[in-house]
Amino acid sequence: MNASRSRTIGPSLRICQINIEGLSASKSDYLLLDHNIDILLIQETHTSDSEQINSRGKISGFDLVSSLNHPKYGIATYVKNEHFSNTAVIDSSISPDNLFSITIKLNDISISNVYKPPSANWPLNVHPTHPHPSVYLGDFNSHHTQWGYSVDDTNGEQLIDWAESHHLHLVHDAKQIGTFHSARWGRDYNPDLCFISSNSDGQPTPCSREVLPGFPHSQHRPVIIDVGIKVPLVSSVPKPRWNFQKADWKTYSKKLDDSIRFIPPISSNYRRFTKLVKSVASC
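All residue numbers refer to position in the chain's written sequence, counted from 1. Where totals are concerned, whole chains, interfaces and linings use all residues; where local detail is concerned, this predicted model gives features only for residues with pLDDT of at least 70, and gives and counts side-chain atom pairs only at 80 or more. To obtain the side-chain values, all non-hydrogen atoms of the structure were included, while hydrogens and water were left out.

S.K.: In this structure, what is going on with the sheet that holds strand S7 (residues 109–115)? I would like to understand it.
M.R.: Strands in a sheet are paired, the pairing made by backbone hydrogen bonds, and the direction either parallel or antiparallel. DSSP-based pairing: two strands are paired if at least 2 bridges between them are found. A run of H or I in DSSP counts as a helix once it spans at least four residues, and a run of E counts as a strand once it spans at least two, with each numbered from the N terminus. Strand order in this open sheet of 6 strands is S5-S6-S7-S8-S12-S9, and the pairing throughout is mixed. Looking along the sheet, the strands with just one partner apiece sit at the ends: strand S5 (87–94) and strand S9 (168–170). With strand direction ignored, the average angle separating the axes of adjacent strands in the sheet is 20°. Both strand S8 (residues 134–139) and strand S12 (residues 192–197) contribute to a ladder of 5 bridges, which runs antiparallel. To define axes, lines are fitted to C-alpha atoms, for helices over the stretch in contact only, and angles between the resulting N-to-C directions are given on a 0 to 180 degree scale.

Right under this line is the structure:
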């Protein structure tokens, strides 16, 4: 949703998530242009240690909150400078199967950055959950028809079971382009997902999702998640309106009858007639 055509009601966050397929200084410079992002979640940094991520991942206006480094995988979470003092890391872990997760809390919302390599499998409980409101984003590498795959795989079924058992809502629009374009197969897929928590009445936190165009040197596309209520602004053309219940019909009829006798009833006088009706109505 175009920020200039909408208005935010109440607290909100704008999150960008992308599997970057290797963090570099040039990719860092390209990130976040003109999107007014609050939080950035990156998967597949391909950074072996803190020295590498600090040298390759300096992003203007953002602080690195936490990273889990790995030469082949790796994830990182950034927040805008102004949010850093209100941010806390509440969980950061790599499982023996190379399942990566960083969860931060900004103000009262928990945000989880998740990455599962294609060759790994989810454990029985998939991922730790956090109190409402919470949001889980990342590259889940799981197949299910609910997010556009032709068949379900075991990981996709486990992911759906996990979401349903914890009352999490999948944020997905089948009309949008896929988050991953396979150069090999020439097709789009959706490994990058977003789940959001629901309140005690079962209502999910208001949330919208937008998949951006392609990103340089990555087959994945950035995903923008807006958490909060956005109301579209609709431009309308001012038109004259009347409250007919308050009209003085007796006076209106008399004035119209007194004046209309001077307009001959022929088609060429139609404009004169409508002008008279409007003129009398505005008196």
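S.K.: Just to check I follow, could you spell out the packing of helix H4 (residues 249–260) against helix H5 (residues 270–281) for this structure?
M.R.: Their axes nearest at 10 Å, the elements H4 and H5 cross at an angle of 145°. Here the hand of the crossing between H4 and H5 comes out right-handed. Residue-level contacts link Tyr-252, Lys-255, Leu-256, Ser-259 and Ile-260 of H4 to Phe-273, Leu-276, Val-277, Val-280 and Ala-281 of H5. A per-class count over the contact of H4 with H5 returns 8 nonpolar, 1 polar and 1 charged. By convention the crossing between two helices is left-handed if the near helix lies anticlockwise of the far one by an angle smaller than a right angle, and right-handed if it lies clockwise. Two residues form a contact once any of their heavy atoms are found within 4.5 Å. Polar here means any residue outside two lists: the nonpolar Ala, Val, Leu, Ile, Met, Phe, Trp, Tyr, Cys and Pro, and the charged Asp, Glu, Lys and Arg; Gly therefore counts as polar.

S.K.: It is not clear to me how the pairing of strand S4 (residues 75–80) should be interpreted in this structure. Could you clarify?
M.R.: In regular strands, side chains alternate between the two faces of the sheet. Counting buried residues along S4, 6 of its 6 residues qualify, which places the element largely inside the surrounding structure. Buried means the residue's accessible area, taken with a 1.4 Å probe over protein chains only, is under 20% of the maximum for its type, while exposed means over 50%, and partly exposed covers the values in between. Of the two faces of S4, the one carrying Ile-75, Thr-77 and Val-79 and the one carrying Ala-76, Tyr-78 and Lys-80 are both buried. Sheet topology places strand S2 (residues 39–43) next to S4; 5 bridges connect them, and they run antiparallel. Following the sheet pairing, Leu-40 is matched in S4 by Tyr-78. Hairpin geometry of strand S3 (residues 62–68) and S4 is characterised by an intervening segment of 6 residues between the two adjacent antiparallel strands and by a positive phi of about 90° at Gly-74.

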